[in-house]
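Listed below are the residues making up each chain.
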Amino acid sequence: MLKNLGKPKYITIHTSDGTGQTVCDYHIMHIKQDGFMGIGYHFFIDKEGKIYPGTPINKKGTHVSNNNSGNIGICFEGLKEEPNEKQSKSLTALIYCLMEYYSIPYSNVKGHRDWNNTKK
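These remarks concern the structure in this document.

## Quick look at the sheet that holds strand β5 (residues 109-111)
Two pairing modes exist for strands in a sheet, parallel and antiparallel, and in both the strands are linked by backbone hydrogen bonds.
Here is step 1: Taken in spatial order, the five strands make up an open sheet running β3-β2-β4-β1-β5, and their pairing is mixed. Looking at the sheet topology across the chains shown, the edges are occupied by β3 (51-53) and β5. Across the sheet, the mean angle from the axis of one strand to that of its neighbour is 25°, orientation sign disregarded.
Here is step 2: Inspection of the sheet shows strand β2 (residues 43-45) paired to β3 by three bridges, in the antiparallel sense. Bridge pairing in β3 links F44 to Y52.

What follows is the structure, encoded as structure tokens:
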């Protein structure tokens, strides 16, 4: 059973482990490899800029070890790459909507590395 997210205070941006994998691939991978209940991110943005829902927004995701409470996870497709123009537009729009709706300050928009030491 997924726990409640709590009041969103942070937004964390991630990159995926590879290109060409769909949101469904990540959903299955997070179940089989990581033992999660599904995709650990709240949103996934593919190379075309399409935004897919993941973990329900009111539930705690599994995207930042020990820092998932009140933390909305967004992942874009692409290993160690900056988002392309389509992804950037979608990411920017999504972040601004989430910031506005949940009153999250820009200073609380972080990257995965801001929370945990990671190679990504």
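Additional details are given in the paragraphs that follow.
## Considerations on the pairing of strand β4 (residues 71-76)
Here is step 1: Among the six residues in β4, six count as buried, and that is most of the element.
Here is step 2: Residues N71, G73 and C75 point to one face of β4 and I72, I74 and F76 to the other, with burial holding for every one of them.
Here is step 3: In this structure, strand β1 (residues 10-15) lies alongside β4, joined through six bridges in parallel fashion. Residue pairing across strands places I11 opposite I72, the latter belonging to β4.
Here is step 4: The pairing of β2 with β4 spans three bridges and is classified as parallel. Bridge pairing links F43 to I74 in β4.

## Comments concerning the side chain of D46
Here is step 1: The residue D46 is located in the loop between β2 and β3 in this model.
Here is step 2: Engagement of the side chain of D46 in a polar contact is seen with the backbone nitrogen of K50, the distance being 2.9 Å.
Here is step 3: Within the local environment of D46, its side chain forms a polar contact with the side chain of Y52, the two groups lying 3.4 Å apart.
Here is step 4: Once you skip the residues sitting within four places of it in the chain, D46 turns out to touch Y52, E77 and Q87.

About the cut-offs
Residues numbered from 1 in each chain as written. Predicted model: local features only at pLDDT ≥ 70, side-chain atom pairs only at ≥ 80, totals over all residues. Heavy atoms only, no water. Pairing = 2+ DSSP bridges. Helix = DSSP H or I, 4+ residues; strand = E, 2+ residues; numbered from the N terminus. Axes fitted to C-alpha atoms, helices over the stretch in contact; angles between N-to-C directions. Buried < 20%, exposed > 50% of the residue type's maximum accessible area, 1.4 Å probe, protein only. Polar contact = N/O pair within 3.5 Å; in protein donor to acceptor, adjacent residues only side chain to side chain. Contact = heavy atoms within 4.5 Å.

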